[in-house]
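Here is what each chain is made of, one letter per residue.
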Amino acid sequence: MTVENDSLRKQIKEAIASQKRPTVTVLSSLLAIQDSIGYIPNEAIEEVAIAMNASINSVFGVASFYPNFRFTPPGDHSVEVCWGPTCHLLGAGRVLDEVLEQLGLEDEGDTPDGQVSFRFNTCLGACSRGPVISIDHELYGNVTDTQASILLRQLKDNPKTS
Amino acid sequence: MADKINLTIDGVEVQADPGSVIIQAAMDNDLYIPYLCYYPGMKPYGACRMCVVKAEAPTPDGSYRPLPGSPASCTTPISEGMRVETNTDELVSLRKGILDLLISEHPHGCLNCHRIDLCGPTDVCLRHVTVNDRCVTCPKNERCELKDTVRYMEMELTTPLTYNNRHLPLEVKDPYWDMDMNLCIVCARCVRACDEVRGDSAITLKDRSGRSIIGTSQGTSLLESGCEFCGACIDVCPTGALVERDYKWDKAEKKVTSTCPHCPVGCQLSLDVSKRNKIIRAIPERTAEANRGMACYKGKFGLDFVNSRKKIDKPMIRNNGVLEETTWPTALDFISEKLLNYRNGEFALIGSPRGTNEDHYVGQKFGRDVMHSANVDISSNTHPEITKPLGDMTGRRTSTSRIWQLLDTDCVLVVSSNITESQNVVSVPIKQAAANGTKIIVVDQRETELTRYADIWLRPKVDSEIDLIGGFMRTIIDESLEDNEACQSCGEFTEFRNSLWDYDLTDIEATTGVPQDEIRNAARMFANAENASTIYGLETISPQIREHCAKAIVNLALMTGNIDNGPSGIYPMFKGANEQGARDLGACSEYLPNYVATGESAVGMTNLIESLNSGKIKAIEIVGDSPTFDEDQVGDFYKAFKQSELVIAHDNFESALTEIADVVLPSSTFAEKTGTYTNLEGRVHCVNPSIGPSSEADEEWRIFSQIAQRMGASGFEYRNSSDVFVEIQEKVSSYTNLDLDKVKKNGQIMRKENQDFQFAVVTRAEVSGDTTNSEYPIIFAPGRVLQQPDRDAGIDTSSDKNTITRTEIVEINASDASEHGIAEGDNIKLEGQGFSMNGIAHVNGIHKGMAASTSLFGSLVEDLANSGDNDPVLKSDSLRLRKVRIEKI
């Protein structure tokens, strides 16, 4: 009956309402929210459930099925290393090791300070320039492990961009 | 039913219903195809692939065309002449491969232990199997479907320790329900039962591929996930992943099918009884027509009271103010001697809604024939107006259609009835129908679970329902939407139609506070539906106008031709488990057996208190079953009982009633009784003794007959309950068609009396709408829903039990708010008689003079689970309107 309104819920509602596509579904709403605020908070699941007349559990079932949805706020920067076959053959392994070491991670995830969200990518679509890494959705081709290391250091010196 | 389809399964020629799938056809013919994810009554899912078969269908030229591959028999529809092989070497090897994969994530030392046939249930193995894998560490030991399937497949599991343990923590913080996802085989039966069958979706399949597992959104507690604690997921789980917490490790020594004593649906439950003579589990019967495999939180988790050690086990007589244990003969002699002094209208007999038909019949016979008193009733009969008008106008004393016919209706109107809690299983077909497009109209001041499913929820001012229903009927007449043929065939149509001219919609908008357009829309929705059913419980309606309100509701059903027309019907919703039987057999103050009116003078529940206070009733015998008096008046009842000279109480437990009783007789619970219950459809079910007599408690019919015999009466020489039933059949015409064998098997519907339908003129009552007084000026409508996604549920998960900690939001009207100096978001306090609640004010468009709040169903379940009461379900909080005052704190 009563909605405990806070700005997050408002933002979520706007994201759901602003969808232009002809069919609005649970999935499209989740995507709209992730585009808008970068992740799927609890409130988003609840709001999508209300908007789509589904239960929160069904919505969560959908959201958790797709690894692209994240349930925690993303880091300030995103780093993705391509480990598609081409990049792999061209030496992505060394780049990857270097990036992981620099970030202090062992696998995909966020750095403990919340600065960087790191993910593997199966293909960034620039095979001719492999190995490729993407920093804040900007592609860097033909990277070596040293270059990757420099790029990451620059990232650290240059905290939160937007 | 269309013609059956013929097919051959493993060389056996069988017949099956068209549209069914191969595995169902096999099941219907007692043939077994191994399966794990399929479950009768649910949609095929095709997940486990255990039920693969080879099939071939005939072609027009007479040859057979094999179906490609090995189709799953649960998703393959049957066709005429089909030939199915279920057990070829190839299929067996396929199945073994699938099972191998399945149990690669399931502890299975229990499945291949070489002592599997040697061990008894009490043996504890020491070294054959590691601790985690032992059969005794699985709560589903000996009733595990996975184990049965593995053994049927004769799997050679030579490497017991090579499974991948998921190492997931057990979830044991929610009431009644334990979950061990290390045992789950992800068949998704539970998810489907919750979603498809119950319409709740309180659990879901999380994640995907190898990590996929059952859970709730973000791992929240069931208290907020929308769970109604019906246990349907537990009932379908093929492994030990989902189990009832109570008596988790106990084994069933025997199974007894009996009828649930909690509400008039009469769910058939298969009760597991342990060797310690306790009911350890209740599993709803899938084949029972009343509940079709469904139960609710009461039937599933609310039967433990029968196992209590606090039950009264000996008769007691009060001597110098103290109850002293005595023997049956002494107690009965004492009673029969005492009662001789009150053989007239000074005696009243109040039965229990949990009494069997036999108890009711012998009780009323004793009261009327031996005690010469018309004052016979049962304690739940506080709303006799629910069924009386229906009987007067249509001759029907039960619901006119069956519960599961609600599935086929196009529109359901629910008036002032919280069926999702009070008669839960009735709400299951409604929710399923709603998912298939059936329109739901709810008329209620309270926000109940069903308002969530409603296409139209009308929230009229208190006690303005007559006007609202009148507004429906006026719209129907104005727009000629009535069923003319049906109207003409009922008596007094002209008078009835003329009476509707009083119902002016503009005026009704003012009295009900519901906009005209909404009333019109709802009326159109109801009248235009091919089949529309009405459910009414009159729970929020004041006693003075209940009868008129019920008449108006029946009028509406009659004028739209919705009684005796296909699946549509009208369902009066009373609360007592066997209240229907009590009325049929005359154990109520309005009727003798066979619905012969008793006349005005009889004392019943509605006027018991005043009769006791005025001294009209001097002796009273009450079958307590831990009394179920109207919560509002419990105090008044006990005060009144003290006025009488003699109080004889039959009860299971010591209670406020036994404290004032002069004689206390131990009464059997439903689990020790043999007899019959009649449900709200008029279906007669058997009550079978599941736990043998553990004390000297006895059944009411036997107690009454013994007292009667001691008082010199004849006609009470019953040897057993069947003798009583035979006499009931002689005396009560609607029971004459019953065959005790059929009743025992699956219940049987009693004969319906045919009578011409009559309209009743309902004049517009002066809507007082103001039953409040200056001390308590506001009417508070409590609501309860399963889930509130728009609010933070406030679950505390830190302790070993999940608890709800949130502060409720109270809706109030703007003018009431300003009158009390309350602003949005203020902390306020509601106070009424024996009631108090704090909340946060939310000023919105609710009617002036009303306040409403909605809590989570989880909080009720939490209360029940933590209650120290012997029989907590019986005293659980119903959602009735309360008079309160509000203040800012």
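Residues numbered from 1 in each chain as written. Chains lettered and ligands numbered in written order. Predicted model: local features only at pLDDT ≥ 70, side-chain atom pairs only at ≥ 80, totals over all residues. Heavy atoms only, no water.

Colleague: Can you tell me about the overall build of chain B, naming the residues and giving the values?
Modeller: Looking only at helices and strands, chain B features 28 helices and 37 strands. Against the 2.2 N^0.38 benchmark of 29 Å for 889 residues, chain B shows a C-alpha radius of gyration of 29 Å, consistent with a compact globule. Each principal axis of the C-alpha atoms in chain B carries an extent, and together these give about 80 × 70 × 65 Å. Scored against the burial criterion, the 889 residues of chain B give a buried share of 60%. Here the contacts in chain B between residues at least 6 apart in sequence split such that 72% fall between residues at least 24 apart. When the accessible surface of chain B is summed, it comes to about 33800 Å², and 46% of that surface belongs to carbon and sulfur atoms. (Helix = DSSP H or I, 4+ residues; strand = E, 2+ residues; numbered from the N terminus. Rg over C-alpha atoms; globule rule 2.2 N^0.38 Å. Buried < 20%, exposed > 50% of the residue type's maximum accessible area, 1.4 Å probe, protein only. Contact = heavy atoms within 4.5 Å. Areas by Shrake-Rupley, 256 points an atom, 1.4 Å probe, with all protein chains shown as cover.)

Colleague: I'd like to hear about the packing of aromatic side chains, residue by residue, with values.
Modeller: Counted under the stated rule, the structure contains 22 aromatic pairs over all chains. Arranged with centres 5.3 Å apart and planes meeting at 40°, the rings of Phe60 of chain A and Phe71 of chain A form a pair that is tilted. Of this pair, Phe60 of chain A sits in helix H4 (residues 56-65) while Phe71 of chain A sits in the loop between H4 and strand E1 (77-82); the two residues are 11 residues apart in sequence, bridging distant segments of the chain. For Phe71 of chain A, a relative accessible area of 26% translates into the label partly exposed. Grouping aromatic residues by their ring pairs yields a cluster made of Tyr32, Tyr35, Tyr38 and Tyr152 of chain B. For the cation-ring pair, Arg208 of chain B lies above Phe65 of chain A, with the distance from its terminal atom to the ring centre recorded as 4.9 Å. Above the ring of Tyr595 of chain B, the side-chain terminus of Arg397 of chain B is found at 4.1 Å from the ring centroid. (Phe/Tyr/Trp six-rings, centres within 6.5 Å; stacked < 30°, edge-to-face > 60°. Lys NZ or Arg CZ within 6 Å of the ring centre and 35° of its normal.)

Colleague: Summarise the sheet that holds strand E29 (residues 748-749) of chain B; cite the residues concerned and give the values.
Modeller: All names here are of chain B. Read from one edge to the other, the open sheet built from three strands follows the order E27-E28-E29, with strand pairing classed as antiparallel. With one partner strand each, in any of the chains shown, strand E27 (675-678) and E29 form the two edges of the open sheet. Relative to E29, strand E28 (residues 683-687) runs antiparallel, the two being bridged by two bridges. Opposite Arg683, over in E29, you have Ile749 as the bridge partner. Its contacts with the sheet place helix H10 (residues 357-370) against E27 and E28, and it is angled at close to 95° to E27. (Pairing = 2+ DSSP bridges. Axes fitted to C-alpha atoms, helices over the stretch in contact; angles between N-to-C directions.)

Colleague: How would you sum up the domain arrangement of chain B? Please name residues and give values.
Modeller: All names here are of chain B. What the domain assignment reports for chain B is domain 1 (5-87), domain 2 (163-307), domain 3 (316-377 + 577-582 + 595-736), domain 4 (385-572) and domain 5 (778-888). Computed from C-alpha atoms alone, the centre-to-centre distance between domain 2 and domain 4 is 34 Å. Tallying the contact residues gives 19 residues for domain 2 and 14 residues for domain 4. Carbon and sulfur atoms supply 56% of the area buried between domain 2 and domain 4, which totals about 1200 Å² over both sides. Contact with domain 4 buries surface across domain 2, with Arg198, Val265 and Arg292 losing the most and accounting together for 30% of the total. For the pair domain 2 and domain 4, the interface holds two salt bridges. (Domains from an automatic or database assignment. Buried area = accessible area lost by both parts, 1.4 Å probe. Salt bridge = Lys/Arg side-chain N within 4 Å of Asp/Glu carboxyl O.)

Colleague: Quick rundown of the domain arrangement of chain A? Include the residues and the values.
Modeller: Looking at the assigned domains, one finds that chain A contains domain 1 (7-65) and domain 2 (77-157). Placing a centre on the C-alpha atoms of domain 1 of chain A and another on those of domain 2 of chain A gives a separation of 30 Å.

Colleague: So what's going on with the nonpolar core? Residues and values would help.
Modeller: Counting residues in each nonpolar core, the largest one holds 99 residues, and the members touching the most others are Val426, Phe472, Ile535, Tyr536, Met559 and Phe670 of chain B. Once residues within four sequence positions are removed from consideration, Phe670 of chain B is found in contact with Ser258, Thr259, Pro261, Leu271, Ile279, Leu303, Phe305, Val306, Tyr677, Val687 and Asn688 of chain B. (Core = buried A, V, L, I, M, F, W, Y, C linked by side-chain atoms within 4.5 Å.)

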